[in-house]
Amino acid sequence: MVMGSCVYHVAHQSWRQSIGNTGRNVELPNFTQALYDARELAMERMQGEAVDAKAEGIVGVDIHEQSHGWGSHVIEFFAIGTAIIPDEGAEDHVIPDPTTVLDLA
């Protein structure tokens, strides 16, 4: 199992920006960028654990995003997956070529 986590603080908007967006349905670019950055950091940290374990890949990745009660401007991304590590004792193992199971002709 490999995992990566990132707790990220989202910068507040300035007073002037907040007043300008009052009553409007607009994107908040600081929140959008914070989500992208936090997700990327969590994934990079999970990938770093896989590299340290000499894994060839990661499968079954699950990503959770959550805002916590300690602040409305704090988000957490948590990524967890299964690292695929080759078996050192199975160097002579050969995977057979795939065969047709059901011929539709």
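Residues numbered from 1 in each chain as written. Predicted model: local features only at pLDDT ≥ 70, side-chain atom pairs only at ≥ 80, totals over all residues. Heavy atoms only, no water.

J.: Just checking my understanding: could you explain the overall build of the protein for this structure?
T.: Each helix and strand counted, the protein has two helices and three strands in total. Looking at the protein as a whole, 19% of its 105 residues are labelled buried. Nonlocal contacts in the protein, meaning residues at least 24 apart in sequence, comprise 68% of its contacts between residues at least 6 apart. When the accessible area of the protein is evaluated, it comes to approximately 8200 Å², of which 55% is carbon and sulfur surface. (Helix = DSSP H or I, 4+ residues; strand = E, 2+ residues; numbered from the N terminus. Buried < 20%, exposed > 50% of the residue type's maximum accessible area, 1.4 Å probe, protein only. Contact = heavy atoms within 4.5 Å. Areas by Shrake-Rupley, 256 points an atom, 1.4 Å probe, with all protein chains shown as cover.)

J.: Any chance you could explain a nonpolar patch on the surface here in plain terms?
T.: Among the surface-exposed residues, V101, L102 and L104 lie close enough to one another that they form a single nonpolar patch of about 430 Å² accessible area. By secondary structure assignment, the location of L102 is in the segment after β3 (74-84). Its relative accessible area of 64% is what places L102 among the exposed residues. (Patch = residues over 30% accessible without salt bridge, like charges linked within 9 Å, V, L, I, M, F, W, Y side chains within 5 Å. Salt bridge = Lys/Arg side-chain N within 4 Å of Asp/Glu carboxyl O.)

J.: Teacher, can you tell me more about the environment of G81 here?
T.: Its location among the elements puts G81 in strand β3. Using a relative accessible area of 1% as the deciding quantity, one classes G81 as buried. For the pair formed by G81 and I63, sequence separation is 18 residues and the distance between their alpha carbons is 8.8 Å. Every residue in contact with G81, bar those within four places of it in the chain, is listed here: M1, V2, M46, I58, V59, G60 and V61.

J.: Can you walk me through unusual backbone geometry in this structure?
T.: With the exception of glycine, most residues fall at negative phi, and the peptide bonds are largely trans. Positive phi is not limited to glycine here, since K54 has a value of about 60 degrees. Tracing the chain through its elements places K54 in the loop between α2 (29-52) and β2 (57-67).

J.: Just checking my understanding: could you explain the sheet that holds strand β1 (residues 2-9) for this structure?
T.: Sheet strands line up and pair through hydrogen bonds in the backbone, either parallel or antiparallel. Read across the sheet, three strands follow the order β1-β3-β2 without closing on themselves; strand pairing throughout is antiparallel. The sheet is open, and its two edges are formed by β1 and β2, each paired on a single side. For this sheet the average axis-to-axis angle between neighbouring strands, irrespective of direction, equals 15 degrees. Of the strand pairs in this sheet, β2 and β3 are connected by nine bridges, and their pairing is antiparallel. Its bridge partner lying in β3, V59 is registered against T82. (Pairing = 2+ DSSP bridges. Axes fitted to C-alpha atoms, helices over the stretch in contact; angles between N-to-C directions.)

J.: Help me understand the environment of S67 in this model?
T.: With respect to the secondary-structure elements, S67 resides in strand β2. A sequence separation of 59 residues divides S67 from Y8, and the C-alpha atoms of the two residues are 9.7 Å apart.

J.: Which parts of the structure should I look at to understand the environment of D37?
T.: Relative to the helices and strands, D37 is located in helix α2. A residue is classified by how much of its surface remains accessible, and D37, at 27% relative accessible area, is partly exposed. Remark: the alpha-carbon pair of D37 and C6, spanning 31 residues in sequence, is separated by 9.2 Å.

Just geometry here; none of it tells us what the structure is for.
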